[in-house]
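One-letter residues, chain by chain:
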Amino acid sequence: MKNFTTMSMRYDGHKFEIIDQQMLPDKKIWVSIESPQDIIAAIKALKVRGAPLIGISASLSLALWSSKAGDLESFITALEQVRESRPTAVNLMNNLDLIKAEAVKSGFNTERIQALAFQLFQDDVDLCKKMGRAGAGLVDVGDGILTHCNTGGLATAGDGTALSVLLESHRQDKNIHVYVDETRPLLQGGRLTAWELLEAQVPHSIICDNMAGWFMQLGKVQKIFVGADRIAKNGDFANKIGTYSLAVLADFHKIPFYVVAPSTTLDSNCIDGKGIPVEMRKDSEVRGVKGHFGEIRWAPEGSPVLNPAFDVTPSQLVTGFVIDGEVHKSLSL
Ligand code: MRU
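Okay, so let's go over this structure. (Residues numbered from 1 in each chain as written. Predicted model: local features only at pLDDT ≥ 70, side-chain atom pairs only at ≥ 80, totals over all residues. Heavy atoms only, no water.)

1. Description of the site of the ligand
Residues in contact with the ligand amount to 18 residues; listed here are only the nearest, Arg49, Ala51, Asp229, Asn239 and Lys240. One of the side-chain nitrogen or oxygen atoms of Arg49 is found 2.5 Å away from an oxygen atom of the ligand. Asn239 has a polar side-chain atom sitting 2.7 Å from an oxygen atom of the ligand. About the coverage of the ligand: the protein hides 100% of its 410 Å² of free accessible area. (Near = heavy atom within 4 Å. Polar contact = N/O pair within 3.5 Å; in protein donor to acceptor, adjacent residues only side chain to side chain. Areas by Shrake-Rupley, 256 points an atom, 1.4 Å probe, with all protein chains shown as cover.)

2. Section: the sheet that holds strand E16 (residues 326-328)
Remark on secondary structure: sheet strands pair via backbone hydrogen bonds, oriented parallel or antiparallel. Pairing is mixed in the open sheet, where seven strands are placed in the order E7-E6-E5-E8-E11-E15-E16. Only two strands of the sheet have a single neighbouring strand rather than two, namely strand E7 (204-207) and E16. On average, each strand axis in the sheet is inclined to that of its neighbour by 25°, with strand direction left out of account. Note: strand E8 (residues 223-226) against strand E11 (residues 257-261), three bridges, orientation parallel. Residue pairing in the sheet places Val226 in a bridge with Val259 of E11. Contacting strand E5 (144-147), strand E6 (177-181), E8 and E11, helix H6 (residues 162-171) crosses the sheet at an angle of about 130° to E8. (Pairing = 2+ DSSP bridges. Helix = DSSP H or I, 4+ residues; strand = E, 2+ residues; numbered from the N terminus. Axes fitted to C-alpha atoms, helices over the stretch in contact; angles between N-to-C directions. Contact = heavy atoms within 4.5 Å.)

3. Brief notes about unusual backbone geometry
In this structure, the amide linkage connecting Leu24 to the following residue, Pro25, adopts the cis form with an omega of 10°. Residue placement: Pro25 occurs in the loop between strand E3 (16-19) and strand E4 (30-32). Of note, the amide linkage connecting Arg184 to Pro185 takes the cis form, showing an omega dihedral of 5°. Inspection of the secondary structure puts Pro185 in the loop between E6 and helix H7 (188-199). Backbone geometry at Leu46 places phi at a positive 60°, although glycine is not the residue there. Position of Leu46 among the secondary structure elements: in the loop between helix H1 (36-44) and helix H2 (51-69).

4. Topic: the pairing of E6
For E6, a buried count of four out of five residues is recorded, marking the element as mostly surrounded by other parts of the structure. Relative to E6, E5 runs parallel, the two being bridged by four bridges. Residue pairing for E6: Gly144 is matched across the bridge by His177. After leaving E5, the chain enters H6 and then returns to the sheet as E6, a path that is right-handed. Where E6 and E7 come together, four bridges link them in parallel fashion. Across the sheet, the residue bridging to Val180 is Ile206, located in E7. Once the chain exits E6 it traverses H7 before rejoining the sheet at E7, and the crossover so formed is right-handed. (Buried < 20%, exposed > 50% of the residue type's maximum accessible area, 1.4 Å probe, protein only. Right-handed = clockwise from strand over helix to strand, strands pointing away.)

The following block contains the structure:
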């Protein structure tokens, strides 16, 4: 496989590494991924995260490990374990289905498995560019744009999904200002999106999630761009918890609300949002916070917690879907 370096992954011909996103923005720690167990642990701990990146890093790590797997049966057993690492982002399942099919079809030819994993990586880089260009066509000069979670180079192999639109709009001198939802409980917006925008010198302000409605009422937000973790056949989609509230607020304030995703996020087996599995995560993520600064708990240890990692937004609240290089008013797969 060819060597590569992105914001979130690198391969030097020997070692495959991911950046530990839990330690960003203040510490850049690269973690070596040598086995399926390593990538499962990294995905579960959100060291590597974001729908496209989960699928691609899982495929690359399995492909590189395939030469150590011994035989097809052991490879498929490991692949099925990786599939279980997180339930909502369908890119993981879609990519692993392709890797598994290639492993079987090629008679467990590890070079061909690796070539496919690399192709998935390259495809995502290209799709990010296409989403960026298509989405930037929806942005007007001077727009205030609100975004949620992290959808950039730390969530994909390229420039991102929704964030790619914002980066491309900035490159096109559209004079945008980005309102970055901090994205409780794990702060992907405040920690990761803010860091990516700062690096790219895109004007932005971090806001707490519960400030979004107020900034809409003040007329500061002209458009909202978010990513997706799974899009059902009718266009209902799962994304980071808090997305649904934003869509309802956007509807009330008549603000266009766009979903940006590669076609690897489409789930043609899922009829509507009711069929999307929503991951429930640990109580400790809500009772406190953890990062490069250590771990802090502020809520009472004994208080019960609910922690769904995603919510599902009905398609009728979506103004448009930017899928790969095209803008669709509605989706019907
Ligand atoms: O729990 P995470 O950080 O993996 O959730 C990520 C998101 O919800 C993103 O918005 C989503 O993956 C789409 S973007 C590439």
